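This is what each chain is made of:
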Amino acid sequence: MSEAPIRLNSVICSIATAAREARRDPSSVTLVAASKGRTAQEIEELIAAGQKDFGESRIQEALAKWPRLIARHPRVRLHFLGRLQSNKAGEAVKLFDVIHSVDRRSLVDALAAAARKSGRSPTIYVQVNIGEEEQKGGVAIAAMPALLDEARAASLSVEGLMAIPPQGLEPSPYFALLAKLARRCGLKGLSMGMSGDHREAVMLGATMVRIGSALFEEEAAQI
Ligand SMILES: *Cc1c(COP(=O)(O)O)cnc(C)c1O
(Lines give C-alpha, C1' and ligand atoms only; values in the text may rest on other atoms or scores of the structure.)
Protein backbone atom coordinates (compact mmCIF):
# COMPACT_ATOMS: atom_id res chain seq x y z
CA MET A 1 0.00 0.00 0.00
CA SER A 2 1.12 3.55 -0.70
CA GLU A 3 2.56 5.56 2.18
CA ALA A 4 1.37 8.79 0.57
CA PRO A 5 -1.74 9.23 2.76
CA ILE A 6 0.34 8.75 5.92
CA ARG A 7 2.99 11.26 4.87
CA LEU A 8 0.32 13.76 3.80
CA ASN A 9 -1.48 13.40 7.08
CA SER A 10 1.72 13.86 9.04
CA VAL A 11 2.57 17.09 7.19
CA ILE A 12 -0.98 18.43 7.60
CA CYS A 13 -0.81 17.71 11.35
CA SER A 14 2.54 19.41 11.65
CA ILE A 15 1.22 22.55 9.93
CA ALA A 16 -1.93 22.56 12.05
CA THR A 17 0.06 22.20 15.27
CA ALA A 18 2.33 25.12 14.40
CA ALA A 19 -0.69 27.22 13.41
CA ARG A 20 -2.49 26.53 16.71
CA GLU A 21 0.67 27.34 18.68
CA ALA A 22 0.68 30.71 16.96
CA ARG A 23 -3.06 31.11 17.61
CA ARG A 24 -3.76 30.95 13.91
CA ASP A 25 -6.54 29.10 12.13
CA PRO A 26 -4.93 26.03 10.49
CA SER A 27 -7.17 26.51 7.46
CA SER A 28 -5.41 29.84 6.77
CA VAL A 29 -2.33 27.88 5.60
CA THR A 30 -2.36 26.22 2.17
CA LEU A 31 -0.10 23.23 1.65
CA VAL A 32 1.50 23.27 -1.80
CA ALA A 33 3.03 19.89 -2.68
CA ALA A 34 6.33 20.61 -4.49
CA SER A 35 6.29 17.82 -7.07
CA LYS A 36 9.34 18.60 -9.21
CA GLY A 37 11.09 15.38 -10.19
CA ARG A 38 8.14 13.25 -9.02
CA THR A 39 6.27 10.93 -11.35
CA ALA A 40 2.64 11.21 -12.39
CA GLN A 41 2.04 8.05 -10.34
CA GLU A 42 3.45 9.62 -7.16
CA ILE A 43 1.35 12.73 -7.78
CA GLU A 44 -1.80 10.65 -8.39
CA GLU A 45 -1.32 8.98 -5.00
CA LEU A 46 -1.29 12.35 -3.25
CA ILE A 47 -4.34 13.55 -5.21
CA ALA A 48 -6.16 10.37 -4.20
CA ALA A 49 -5.25 11.14 -0.57
CA GLY A 50 -6.91 14.55 -0.91
CA GLN A 51 -4.09 16.93 -1.87
CA LYS A 52 -5.24 19.73 -4.17
CA ASP A 53 -2.37 22.25 -4.61
CA PHE A 54 0.81 21.24 -6.46
CA GLY A 55 3.90 23.22 -7.36
CA GLU A 56 6.40 22.68 -10.17
CA SER A 57 9.76 24.34 -10.77
CA ARG A 58 10.47 23.73 -14.46
CA ILE A 59 8.16 24.60 -17.35
CA GLN A 60 9.26 21.75 -19.63
CA GLU A 61 8.74 19.14 -16.94
CA ALA A 62 5.36 20.62 -16.01
CA LEU A 63 4.22 20.62 -19.64
CA ALA A 64 5.19 16.96 -19.94
CA LYS A 65 3.34 15.89 -16.78
CA TRP A 66 0.43 18.15 -16.00
CA PRO A 67 -1.91 18.55 -18.98
CA ARG A 68 -2.96 14.89 -18.63
CA LEU A 69 -3.14 15.04 -14.84
CA ILE A 70 -5.28 18.17 -14.94
CA ALA A 71 -7.60 16.63 -17.51
CA ARG A 72 -8.16 13.77 -15.05
CA HIS A 73 -8.28 15.99 -11.96
CA PRO A 74 -9.68 19.38 -12.95
CA ARG A 75 -9.92 20.62 -9.35
CA VAL A 76 -6.13 20.63 -8.89
CA ARG A 77 -4.56 24.07 -8.49
CA LEU A 78 -1.13 24.33 -10.11
CA HIS A 79 1.61 26.64 -8.79
CA PHE A 80 4.85 27.65 -10.49
CA LEU A 81 7.74 27.89 -8.01
CA GLY A 82 10.92 28.07 -10.09
CA ARG A 83 12.81 30.61 -12.10
CA LEU A 84 10.69 31.76 -15.00
CA GLN A 85 12.19 32.96 -18.28
CA SER A 86 10.17 35.72 -19.89
CA ASN A 87 9.88 33.74 -23.14
CA LYS A 88 8.03 31.02 -21.19
CA ALA A 89 5.44 33.42 -19.79
CA GLY A 90 2.81 32.36 -22.35
CA GLU A 91 3.07 28.70 -21.43
CA ALA A 92 3.17 29.52 -17.72
CA VAL A 93 -0.01 31.61 -17.87
CA LYS A 94 -1.87 28.88 -19.73
CA LEU A 95 -0.93 26.08 -17.32
CA PHE A 96 -0.53 27.65 -13.86
CA ASP A 97 -3.05 29.17 -11.44
CA VAL A 98 -0.46 30.79 -9.16
CA ILE A 99 3.05 32.02 -10.03
CA HIS A 100 5.31 32.44 -6.97
CA SER A 101 8.51 33.68 -8.60
CA VAL A 102 7.89 37.07 -10.22
CA ASP A 103 11.09 39.01 -9.59
CA ARG A 104 11.73 41.53 -12.36
CA ARG A 105 10.13 44.11 -14.60
CA SER A 106 10.66 42.20 -17.87
CA LEU A 107 8.79 39.22 -16.42
CA VAL A 108 5.93 41.42 -15.18
CA ASP A 109 5.56 42.80 -18.71
CA ALA A 110 5.73 39.35 -20.32
CA LEU A 111 3.14 37.91 -17.90
CA ALA A 112 0.82 40.88 -18.39
CA ALA A 113 1.02 40.50 -22.18
CA ALA A 114 0.46 36.73 -21.94
CA ALA A 115 -2.51 37.23 -19.61
CA ARG A 116 -4.14 39.70 -22.03
CA LYS A 117 -3.59 37.33 -24.94
CA SER A 118 -4.88 34.18 -23.25
CA GLY A 119 -7.61 35.72 -21.10
CA ARG A 120 -6.17 33.83 -18.11
CA SER A 121 -4.86 35.78 -15.18
CA PRO A 122 -2.87 33.76 -12.65
CA THR A 123 -2.43 34.92 -9.07
CA ILE A 124 1.02 36.43 -8.60
CA TYR A 125 3.57 36.34 -5.77
CA VAL A 126 6.59 38.63 -5.92
CA GLN A 127 9.72 36.70 -4.96
CA VAL A 128 12.09 38.63 -2.69
CA ASN A 129 15.80 37.87 -2.35
CA ILE A 130 15.36 38.04 1.39
CA GLY A 131 18.97 37.15 2.31
CA GLU A 132 20.43 39.49 -0.35
CA GLU A 133 22.36 36.56 -1.85
CA GLU A 134 24.34 36.86 -5.12
CA GLN A 135 23.01 33.79 -6.90
CA LYS A 136 19.49 33.68 -5.53
CA GLY A 137 16.35 34.52 -7.50
CA GLY A 138 14.11 37.28 -6.23
CA VAL A 139 13.99 41.04 -6.38
CA ALA A 140 16.23 43.00 -4.00
CA ILE A 141 14.39 44.14 -0.87
CA ALA A 142 14.86 47.82 -1.74
CA ALA A 143 13.51 47.30 -5.27
CA MET A 144 10.45 45.27 -4.22
CA PRO A 145 7.95 48.14 -3.71
CA ALA A 146 8.63 49.53 -7.20
CA LEU A 147 8.22 46.09 -8.79
CA LEU A 148 4.99 45.62 -6.87
CA ASP A 149 3.69 48.94 -8.21
CA GLU A 150 4.63 47.87 -11.74
CA ALA A 151 2.85 44.54 -11.37
CA ARG A 152 -0.28 46.23 -10.02
CA ALA A 153 -0.17 48.86 -12.78
CA ALA A 154 0.03 46.02 -15.33
CA SER A 155 -3.22 44.62 -13.83
CA LEU A 156 -1.58 41.47 -12.49
CA SER A 157 -3.34 40.25 -9.36
CA VAL A 158 -0.60 40.25 -6.77
CA GLU A 159 -1.56 38.33 -3.63
CA GLY A 160 1.68 38.26 -1.68
CA LEU A 161 5.42 37.78 -1.32
CA MET A 162 7.54 34.65 -1.60
CA ALA A 163 11.07 33.96 -0.35
CA ILE A 164 13.58 31.20 0.33
CA PRO A 165 15.87 32.06 3.27
CA PRO A 166 19.64 31.48 2.98
CA GLN A 167 20.67 27.87 3.53
CA GLY A 168 22.29 26.93 6.80
CA LEU A 169 21.09 29.99 8.73
CA GLU A 170 18.28 30.27 11.25
CA PRO A 171 15.28 30.99 8.95
CA SER A 172 12.98 32.79 11.42
CA PRO A 173 14.46 36.31 11.10
CA TYR A 174 14.03 36.06 7.32
CA PHE A 175 10.44 34.87 7.62
CA ALA A 176 9.71 37.71 10.06
CA LEU A 177 11.24 40.22 7.67
CA LEU A 178 9.18 38.93 4.73
CA ALA A 179 6.04 39.15 6.85
CA LYS A 180 6.86 42.74 7.78
CA LEU A 181 7.48 43.71 4.14
CA ALA A 182 4.16 42.16 3.09
CA ARG A 183 2.28 43.96 5.85
CA ARG A 184 3.79 47.30 4.86
CA CYS A 185 2.73 46.76 1.26
CA GLY A 186 -0.80 45.68 2.14
CA LEU A 187 -0.30 42.10 0.92
CA LYS A 188 -1.97 39.22 2.75
CA GLY A 189 -0.21 36.28 1.08
CA LEU A 190 3.08 34.87 2.39
CA SER A 191 4.61 31.94 0.48
CA MET A 192 7.36 30.73 2.80
CA GLY A 193 8.51 27.51 4.46
CA MET A 194 9.64 24.16 3.02
CA SER A 195 10.02 20.64 4.50
CA GLY A 196 12.75 21.64 6.95
CA ASP A 197 11.44 24.98 8.16
CA HIS A 198 7.67 25.04 7.64
CA ARG A 199 6.88 25.16 11.37
CA GLU A 200 8.86 28.37 11.83
CA ALA A 201 7.26 29.80 8.69
CA VAL A 202 3.72 29.01 9.88
CA MET A 203 4.47 30.50 13.31
CA LEU A 204 5.50 33.72 11.56
CA GLY A 205 2.46 33.98 9.32
CA ALA A 206 2.98 31.81 6.20
CA THR A 207 -0.23 31.42 4.20
CA MET A 208 1.37 28.96 1.74
CA VAL A 209 4.04 26.40 2.57
CA ARG A 210 5.80 24.61 -0.31
CA ILE A 211 6.71 21.08 0.72
CA GLY A 212 8.44 18.40 -1.34
CA SER A 213 10.62 15.84 0.42
CA ALA A 214 8.43 15.42 3.53
CA LEU A 215 5.52 14.48 1.26
CA PHE A 216 7.31 12.29 -1.24
CA GLU A 217 10.24 10.66 0.55
CA GLU A 218 10.21 7.80 3.01
CA GLU A 219 12.93 9.02 5.42
CA ALA A 220 11.65 12.59 5.45
CA ALA A 221 8.24 11.51 6.73
CA GLN A 222 9.34 11.43 10.39
CA ILE A 223 8.94 15.16 10.90
C1 LIG B 1 11.58 22.04 -4.28
C2 LIG B 1 11.08 23.29 -3.73
C3 LIG B 1 10.43 23.32 -2.48
C4 LIG B 1 10.26 22.08 -1.61
O5 LIG B 1 11.46 21.80 -0.96
P6 LIG B 1 11.55 20.59 0.11
O7 LIG B 1 12.74 20.95 0.92
O8 LIG B 1 11.71 19.33 -0.67
O9 LIG B 1 10.31 20.60 0.91
C10 LIG B 1 9.95 24.54 -2.04
N11 LIG B 1 10.10 25.67 -2.74
C12 LIG B 1 10.73 25.69 -3.94
C13 LIG B 1 10.86 26.98 -4.66
C14 LIG B 1 11.23 24.50 -4.46
O15 LIG B 1 11.87 24.53 -5.65
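Further up the page is the structure itself.
These numbers were taken from a predicted model, which means no experiment stands behind them.

1. A closer look at the environment of Ala19
In this structure, Ala19 sits in helix α1 (residues 4-21). Residues Ala19 and Arg199 lie 180 residues apart in sequence; the distance between their C-alpha atoms is 8.1 Å. In contact with Ala19, not counting residues within four places along its chain, are Arg24, Asp25, Pro26 and Val202.

2. Structural notes on α1
End to end, α1 covers 26 Å across 18 residues, agreeing with the expected 26 Å (1.5 Å per residue, within 8%). For α1, every residue scored as buried is listed here: Ala4, Arg7, Leu8, Val11, Ser14, Ile15, Ala16, Ala18 and Ala19. Contacts from the buried residues of α1 go to β1 (30-34), α2 (40-48), α8 (198-203), β8 (208-211) and α9 (213-216). The first or second residue beyond α1 is Arg23, which carries a positive phi of 55 degrees.

3. Focus on unusual backbone geometry
Trans is the prevailing form of peptide bonds, just as negative phi is the prevailing case for residues other than glycine. Unlike most non-glycine residues, Arg23 shows phi in positive territory, near 55 degrees. Relative to the helices and strands, Arg23 resides in the loop between α1 and β1. Residues other than glycine seldom take positive phi values, yet Glu132 does so here, at roughly 50 degrees. For Glu132, the location among the structural elements is in the loop between β5 (123-127) and α6 (144-153). Of the residues examined, Glu132 reaches a relative accessible area of 53% and is grouped as exposed.

Here is what the cut-offs are and how they apply
Residues numbered from 1 in each chain as written. Predicted model: local features only at pLDDT ≥ 70, side-chain atom pairs only at ≥ 80, totals over all residues. Heavy atoms only, no water. Helix = DSSP H or I, 4+ residues; strand = E, 2+ residues; numbered from the N terminus. Contact = heavy atoms within 4.5 Å. Expected span 1.5 Å × (residues − 1). Buried < 20%, exposed > 50% of the residue type's maximum accessible area, 1.4 Å probe, protein only.

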